[in-house]
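# An overview of the molecular structure
Listed below are the residues making up each chain.
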Amino acid sequence: MLRVVLVAALLGCLAAACSTGPAVVATGFNDTGSTSPSISNLNPSAGLGQSTRTTAANSGTRVAALDDKIPTGTYETAPKGSLADRNYGSTRLDAETALSIINEYRQQHGLTALKLNAKLTAAAKAHSRDLSKWDRISHYGSDGSNPWDRVKRTGYKPRLAAENVGTGQVNFDEVMRGWKDSDGHNKNLLLADAREAGLALVNDPQTEFKSFWTLVLAASM
C-alpha cells in the first residue's frame, strides 16, 4: 500500500508571553495526490501537539504571489522580529550525526536504523530552499507540490514517504526535542517501515524564520 505521512513543526517565540510559540500545519495525502488540508494553531500554554482547529478562512494566510500555487491556509509565517533575539551563528547540520540521533531513538523502540539516501536528501534540500525563499513553514512547495511529489521527482520510487519540517530551531537537538514531544512528528520518527532518510538545513538570516529544517523518511518499492 502506498502512503505518505506528513507533519510540520514551527518552533520559536511567536507570542510575547512564551519562549516558544509552536504551531502545527498537518496535511494528509494519498498516493493519487488528492489532499485534505487542515491547519491547527497551538495554544502557547499547551504542549506541542495539543491543538485547537481553526479554518483557512480566519487564519489570515494568503498566497505569497499570483504564481505561488501553495493552497491558502496550509502554511504559517513568523511575525516580524519574532526570532531576532536568537543567535544562529553556529547553526549547522551534520547529516550523519543527526541521523545517528534519530537511529538511536528508533533503536530504543526496537526499530530498524535508517540509512542516508542521496535522492531523499535532494528532496529535503529542495523543500528547505523553497521554504526559505518564501519564509514560511508548510508541506506544500511554492509550485503546489507535496512531499510525495518531491520524492518522486528525484527518481526515488517510494512505497512509503514521510516528512517532518521545522523552522526557527538553533540546532538539531532542539529540532529533535520538538519532534519527539509532538505526537505526529514522533510517529514519523518511529515509522516501522521506513528504511532510508534525507536531511537538510537552510540558514537565511534575512528571513524571519532564520532556519529551515526538513527530514524525509521513506522506503522504496
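Each remark here, short or long, concerns the structure printed above.
Residues numbered from 1 in each chain as written. Predicted model: local features only at pLDDT ≥ 70, side-chain atom pairs only at ≥ 80, totals over all residues. Heavy atoms only, no water.

## Overview of the environment of Thr121
When you line up the elements, Thr121 lands in helix H2 (residues 118–134). When its relative accessible area of 16% is taken as the criterion, Thr121 is described as buried. Taking the C-alpha atoms as reference points, Thr121 and Leu199, 78 residues apart in sequence, are found 5.3 Å from one another. Excluding its chain neighbours within four sequence positions, the residues that come into contact with Thr121 are Ala197, Gly198 and Leu199. (Helix = DSSP H or I, 4+ residues; strand = E, 2+ residues; numbered from the N terminus. Buried < 20%, exposed > 50% of the residue type's maximum accessible area, 1.4 Å probe, protein only. Contact = heavy atoms within 4.5 Å.)

## Focus on the nonpolar core
Of all hydrophobic cores here, the largest spans 23 residues; its most connected members are Ile102, Leu114, Phe172, Leu189, Leu199 and Leu215. Looking at this core, the elements that each hand over two or more residues are helix H1 (95–108), strand S8 (158–167), helix H4 (172–181), strand S9 (196–203) and strand S10 (211–220). Ignoring anything within four residues of it in the chain, the contact list for Phe172 reads Ala98, Ile101, Ile102, Trp179, Leu199 and Trp213. Formed by 10 residues, the second largest nonpolar core is a distinct cluster that contains Leu120, Ala124, Val151 and Ala200. (Core = buried A, V, L, I, M, F, W, Y, C linked by side-chain atoms within 4.5 Å.)

## Some details on the pairing of S10
Counting buried positions along S10 yields 9 of 10 residues, so the element is predominantly enclosed. Both S8 and S10 contribute to a ladder of 9 bridges, which runs antiparallel. Bridge assignment links Thr167 to a residue of S10, and that residue is Phe212. Where S9 lies against S10, 8 bridges are found, and the strand directions are antiparallel. Counted as the bridge partner of Glu196 is Ala218 from S10. (Pairing = 2+ DSSP bridges.)

## Here's the deal with H1
Helical geometry: 3.6 residues make up each α-helical turn, so side chains three or four residues apart lie on a common side. Between its first and last C-alpha atoms H1 spans 20 Å; for 14 residues at 1.5 Å apiece the expected length is 20 Å, and the two agree. Buried within H1 are the following residues: Ala98, Leu99, Ile102, Asn103, Tyr105 and Arg106. The buried residues of H1 occupy an angular sector of 160° when projected down its axis, which confines them to one face. Turned more than 90 degrees from where H1 packs its buried face, Glu96 and Gln108 sit exposed. (Expected span 1.5 Å × (residues − 1). Arc of directions from axis to C-beta.)

## As for unusual backbone geometry
A negative phi angle characterises most non-glycine residues, just as the trans form characterises most peptide bonds. For Asp135, which is not glycine, the phi torsion reads 55° and is therefore positive. With respect to the helices and strands, Asp135 occurs in the loop between H2 and strand S7 (137–138). A residue is classified by how much of its surface remains accessible, and Asp135, at 17% relative accessible area, is buried.

## Notes on the packing of aromatic side chains
Within this structure, the stated rule accounts for 3 aromatic pairs. Relative to Trp179, the ring of Phe172 lies with its centre 6.2 Å away and its plane at 85°, an arrangement referred to as edge-to-face. Of the two residues, Phe172 and Trp179, neither departs from the other in class, the shared state being buried. With a centroid separation of 6.1 Å and an interplanar angle of 90°, the aromatic rings of Phe209 and Phe212 are classed as edge-to-face. (Phe/Tyr/Trp six-rings, centres within 6.5 Å; stacked < 30°, edge-to-face > 60°.)

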